[in-house]
Amino acid sequence: MNPAAASLDGARYLLGSALSLLVLAVTVLALCDISLRRGLLRLAPMAACAAVVALVPPSTVQAHFAAAYLTAVGLALAAGLTPGKYSANLLAACGGLALGVTAGLQTATAAETAGTLAAAILPCILGLAVIRAVTHAVRHSAARLGRRIASAWIAAIGILLLALDLVDKRP
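This is a predicted model, so every value here is computed, not measured.

Side note on the pattern of salt bridges
Step number 1: By the definition in use, this model includes one salt bridge.
Step number 2: In this structure, the salt-bridge partner of D9 is R12, at a minimum N-O distance of 3.0 Å. Of this pair, D9 and R12 both sit in helix α1 (residues 3-16), three residues apart, roughly one helical turn.
Step number 3: R12 gets classed as exposed once you look at its relative accessible area, which sits at 53%.

In structure tokens form, the structure reads like this:
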């Protein structure tokens, strides 16, 4: 398979995975409270950590990481917490790991990984820019409330996924 087709396959797989899109959404919601420039700079550790997942063999712990990430970050954002300068780096790195797991980068080729990362970074850039524009256009408190509600729903989905994983593992 040529590299361009493999890159498109990677991008298509990411955009077709609802869990991957939720990981991107909660990461963008978490990073949108800091300045746009700083939010964009946090996408580099996210992409680097997602690429690292491609080097690690799949395990059962990785399967639960994305749901745990959605739950933890969703609950924190729903509670109104915002990341600081250093915790935003950690959050972006964990988001990258969760993205890599949900996008199936453990079994992807280098070209598929590149396509997946490109397809992940572009919506994040657009999401950060749009949320910043909407926040400035409407009252700041209304936009903040909308982010908290969306985060609560994402946390609920994460809790549901963790519960389903626990039910699957019963003897």
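Now that the structure has been shown, the text picks up again.
Thoughts on helix α6 (residues 85-102)
Step number 1: The terminal C-alpha atoms of α6 lie 26 Å apart, and with 18 residues this matches the ideal 26 Å at 1.5 Å per residue to within 8%.
Step number 2: Among the residues making up α6, those that are buried are A88, L91, A92, A93, G95, G96, A98, L99, G100, V101 and T102.
Step number 3: G104 occupies a position one or two residues after α6 and carries a positive phi of about 70°.

Scoring rules and cut-offs
Residues numbered from 1 in each chain as written. Predicted model: local features only at pLDDT ≥ 70, side-chain atom pairs only at ≥ 80, totals over all residues. Heavy atoms only, no water. Salt bridge = Lys/Arg side-chain N within 4 Å of Asp/Glu carboxyl O. Helix = DSSP H or I, 4+ residues; strand = E, 2+ residues; numbered from the N terminus. Buried < 20%, exposed > 50% of the residue type's maximum accessible area, 1.4 Å probe, protein only. Expected span 1.5 Å × (residues − 1).

What is shown is where atoms sit, not what they do.
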